[in-house]
Amino acid sequence: VELRVVRDADRRPIPAARGRALLQLAERRLDESESLESLSQRIVDDIAPEWSDAAVLDLVRHDGSVQRAGVAAGEDASALAPILAQRAADDVTREGVSQVLATGLAYAGVVWVSPRADEAPPTGHDHDGAARWHVHVLPLVVRSRTVGALSLVSAHRLPVDASTVVREYARRV
């Protein structure tokens, strides 16, 4: 039986070989001699747009502050890219990243984003014109210490098979 990963976004099967390729990339990333900035960008590029519509990498600095280290977005999330690029203005991943860094546990939630950047995010049940994004935030752990968070932002819920592959990628990288 051939295993396949299916993304809800397009319901096209992703061969298990593609999942293995992603995990092999994780093994190679730290072996490659490059700057932290380049490595961070490669990590999010590995994830978006095939495994999620957008990916964000936040790292904890030595002083305890959080630094936005990389952002990648496919066509479906291109309107979100400017918001995600600026940590201070990012209402999409902020709650999830905060929880993951505080607890070391993965986070999954839904965020509604207003169609205009100058509008506040919708609250309650009034989501007129807003886009719904599923957010999954995975901890990056080194020697039992959470050193960062890898956020996946997608228009559709992350399928269980894809979630398993990306979680393993985050663990390895």
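Refer to the structure presented above.
Residues numbered from 1 in each chain as written. Predicted model: local features only at pLDDT ≥ 70, side-chain atom pairs only at ≥ 80, totals over all residues. Heavy atoms only, no water.

Colleague: Explain the overall build of the chain to me, please; I cannot follow it from the model alone.
Modeller: When helices and strands are tallied, the chain shows five helices and seven strands. When the helices and strands of the chain are placed in sequence order, the string is β-β-α-α-β-β-α-α-β-β-β-α. By the burial criterion, 42% of the 173 residues in the chain qualify as buried. In the chain, the proportion of contacts linking residues at least 24 apart, taken out of those at least 6 apart, comes to 51%. In the structure as shown, the chain presents an accessible area of about 9,700 Å², 50% of it carried by carbon and sulfur atoms. (Helix = DSSP H or I, 4+ residues; strand = E, 2+ residues; numbered from the N terminus. Buried < 20%, exposed > 50% of the residue type's maximum accessible area, 1.4 Å probe, protein only. Contact = heavy atoms within 4.5 Å. Areas by Shrake-Rupley, 256 points an atom, 1.4 Å probe, with all protein chains shown as cover.)

Colleague: How should I be thinking about the pairing of strand β6 (residues 131–142) in this particular structure?
Modeller: The two faces of a sheet get side chains in turn, since along a regular strand they alternate between them. For strand β5 (residues 107–113) and β6, the ladder comprises seven bridges, and the chain directions are antiparallel. Considered in β6, the bridge of V110 is made with H134. Taking the residues between adjacent antiparallel strands as the criterion, β6 and strand β7 (residues 145–154) are bridged by two residues, where R143 takes a positive phi near 50°. (Pairing = 2+ DSSP bridges.)

Colleague: Even after reading the chapter, I still don't get the sheet that holds β7, so can you show me in this structure?
Modeller: Hydrogen bonding along the main chain pairs the strands of a sheet, whether they run parallel or antiparallel. Here we have five strands laid out as an open sheet, ordered β4-β3-β7-β6-β5, and antiparallel in their pairing. The open sheet has two edge strands with one neighbour each: β4 (66–73) and β5. Neighbour to neighbour, the strand axes of the sheet diverge by 20° on average, direction disregarded. Docked against the sheet, helix α2 (residues 36–47) engages β3 (54–60), β4 and β7, running at close to 45° with respect to β4. (Axes fitted to C-alpha atoms, helices over the stretch in contact; angles between N-to-C directions.)

Colleague: What exactly am I supposed to notice about the packing of helix α1 (residues 16–29) against helix α5 (residues 160–172) here?
Modeller: Packed helices, taken two at a time, are described by the angle between their axes plus the distance between the axes. Taken N-terminus to C-terminus, the directions of α1 and α5 make an angle of 10°; their axes are 9 Å apart at the nearest point. The orientation of α1 relative to α5 falls into the category roughly parallel. Along its contact with α1, which presents G19, L22, L23, A26, E27 and R29, the element α5 presents V165, V166, E168, Y169 and R172. Residue composition of the contact of α1 with α5, grouped by class: six nonpolar, one polar and four charged. (Parallel < 35°, antiparallel > 145°, perpendicular 65-115°, else oblique. Nonpolar A, V, L, I, M, F, W, Y, C, P; charged D, E, K, R; others polar.)

Colleague: Would you mind showing me how to read the nonpolar core here?
Modeller: Burial of nonpolar side chains together is a common tendency in soluble globular proteins. Counting residues in hydrophobic clusters, the biggest one holds 26 residues, and the most contacted among them are I47, L140, L150 and Y169. Within the residue set of this core, elements represented by two or more residues are α1, α2, β3, β4, β6, β7 and α5. Sort the elements by how many residues they give to this core and α5 lands first, with five residues. Not counting residues up to four positions away in its chain, the partners in contact with Y169 are L22, L23, A26, R29, R42, I43, D46, I47 and L150. (Core = buried A, V, L, I, M, F, W, Y, C linked by side-chain atoms within 4.5 Å.)

Colleague: What is the right way to read the side chain of D58 from this model?
Modeller: Mapped onto the fold, D58 is located in strand β3. The exposure class assigned to D58 is buried, which follows from its relative accessible area of 1%. Among the polar contacts made by the side chain of D58, one reaches the side chain of R68 at a distance of 2.8 Å. Discounting chain neighbours no more than four positions away, the residues touching D58 are V66, Q67, R68, A69, R87, V97, V147, G148 and A149. (Polar contact = N/O pair within 3.5 Å; in protein donor to acceptor, adjacent residues only side chain to side chain.)

Colleague: Could you clarify how one ought to interpret the pattern of salt bridges in this entry?
Modeller: Oppositely charged side chains are able to pair whenever their charged atoms sit close together. In the structure shown here, the tally under the stated rule is five salt bridges. For D90, the salt bridge identified is with R68, shortest N-O distance 3.0 Å. Highlighted residues: D90 in the loop between α3 (81–85) and α4 (94–103) and R68 in strand β4, separated in sequence by 22 residues. There is no split in this pair, since D90 and R68 are both buried. (Salt bridge = Lys/Arg side-chain N within 4 Å of Asp/Glu carboxyl O.)

Colleague: Before we go on, may I ask you to explain α1 in this structure?
Modeller: The periodicity of an α-helix, 3.6 residues per turn, causes residues three or four positions apart to be oriented the same way. With 14 residues, α1 ought to run about 20 Å at 1.5 Å a step, and its terminal C-alpha atoms sit 20 Å apart, in line with that. For α1, the set of buried residues is G19, L22, L23, L25, A26 and R29. Taken down its axis, α1 places every buried residue within 150° of arc, on the same side. (Expected span 1.5 Å × (residues − 1). Arc of directions from axis to C-beta.)

Colleague: Hey, could you run me through α4 in this one?
Modeller: Within the span of α4, buried status applies to G96, V97 and V100. Each buried residue of α4 sits inside an arc of 95° when the element is viewed along its axis, so together they form one side. Exposed residues lying more than 90 degrees from the buried face of α4 are A102 and T103. Against β3, β5, β6 and β7 lie the buried residues of α4. Residue G104 follows α4 closely and has a positive phi angle near 80°.

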